[in-house]
Every structure is written in structure tokens, then in C-alpha cells.
Amino acid sequence: MAEQTIGSTRTFVLAKGFTQAGAHAALIGEDDTRRLFAELYADPDRPDVRPQEAYQSILSSMQPGWTLRLLQLFWPDPEPRLEFQKQVQSWKVSNTEGLDILHQGLLLSIQEYPLPFVRRTVLEFVMSGDEGVAWWDALTGLCAGFGLRVRYLDRSAVEGLTRWVLNPNLEYHHA
């Protein structure tokens, strides 16, 4: 049995580029494997999200010898700060000194305070043949029954993921 290092980023570091696998962008690993990526997230219209059961169903539907890695990443999330900034900037300028100081202080803190982080769940699937693509495409339906949605990552999203995995700086920078 081959020994694998849990949490290794070697496949990201030594990736050889991209290819197509069905309708999906696949990262070519250093070992010439094709790797597909998707993000799982809760369906906002379903209050009965059951991720543990979804993971069990995903794993039990795989063929022997297939490889799937579940990544739990803490990713900077600019949306809450941007929304708060829009709200603060829309305030009417006050003639009262105390309220103006509060307004200026909030604007300054928005610029200086670090971004909040959100936990993201990403699947990495090492493809093996056409049946692997069919299984990957079926994840959307499989997860929907448990209140999860699947967002298949395109090339630019995979590139962003590899940058984050290789260089997880704590600040968010626009590319």
C-alpha cells in the first residue's frame, strides 16, 4: 500500500497546467493525473442541511481505487466588510461633532481592520477514466438531497485556490 502524506501541497506546487475533462477544467498533477475541484456549500433555501450524511453518500458512491480529498479552508471573505462600508458611506454627514467623529472612526476602522474569514469546503477528485467524469457530474444531484449545492471550479477559481493553498497570507488582495 502506497503511503500518502495527509495535507500535502506537492500536487499543487508541481502542477503541469490544465486540460479539459468533460465540461470541467482539470488540473494536471505532477504525476499526470487530472484533478477536478468543486466547492460544497449549504443550500440557502433548505433548512435541513445534512453535510455528514452527504459526505457518507459521496464516499460510498465512489469506485474502489478512486481518490477524493476534502479540503477545509479558511478563506478571507470581503463581502461583510464591503457591505458594512457601503452602509457607513451612505450615512448623512452630521453637524454634531460626536457623530462625525464616530463616522470618521468607522470609515478608518473599515480600512484597517483585517477581513473576516469563512470556512470553505472544497473537494479534489483525482480522475480515472470516463466513469469518473460521470460520477463527478452526478455530485450535484447526490448532494441536493442533503441540502448541499456543488459549485464546480473553473480554471480561474482553481488558480485562485492554488495561490491560497501555497500562499495563505491573511490579507485579501485583488488580483
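This text follows the structure it describes.
Below: a short report on this structure. Given the structure is predicted, the values throughout are model-derived calculations rather than measurements. (Residues numbered from 1 in each chain as written. Predicted model: local features only at pLDDT ≥ 70, side-chain atom pairs only at ≥ 80, totals over all residues. Heavy atoms only, no water.)

With that settled, consider the pairing of strand β3 (residues 34-42). With two bridges joining them, strand β2 (residues 24-28) and β3 adopt antiparallel strand pairing. Looking across to β3, one finds that I28 is bridged to R34. The turn joining β2 and β3, which pair antiparallel and follow one another in sequence, is formed by five residues; a positive phi near 70 degrees is taken by D32. Note that β3 and strand β6 (residues 148-152) share five bridges and pair antiparallel. When the bridges of β6 are listed, L40 appears paired with V150. (Pairing = 2+ DSSP bridges. Helix = DSSP H or I, 4+ residues; strand = E, 2+ residues; numbered from the N terminus.)

For the rest of this paragraph, the subject is helix α2 (residues 51-60). Listing the buried residues of α2 in full gives A54, Y55, S57 and I58. The buried residues of α2 occupy one face: seen down the axis, they fall within an arc of 165 degrees. Among the exposed residues of α2, those oriented more than 90 degrees off its buried face are Q52, Q56, L59 and S60. (Buried < 20%, exposed > 50% of the residue type's maximum accessible area, 1.4 Å probe, protein only. Arc of directions from axis to C-beta.)

Right, let's get into the side chain of S57. Considering the arrangement of structural elements, one finds S57 in helix α2. What makes S57 buried here is its relative accessible area of 17%. Beyond its immediate stretch of four places on either side in the chain, S57 contacts L142 and F146. (Contact = heavy atoms within 4.5 Å.)

A complete count under the given rule lists 13 salt bridges for this structure. Ionic pairing is found between R50 and D48, a salt bridge with its closest N-O pair at 3.8 Å. Residue classification places R50 among the partly exposed positions, given a relative accessible area of 28%. Residue classification places D48 among the partly exposed positions, given a relative accessible area of 34%. Taken together, the shared-partner salt bridges connect D31, R35, R69 and E124 into one network. (Salt bridge = Lys/Arg side-chain N within 4 Å of Asp/Glu carboxyl O.)

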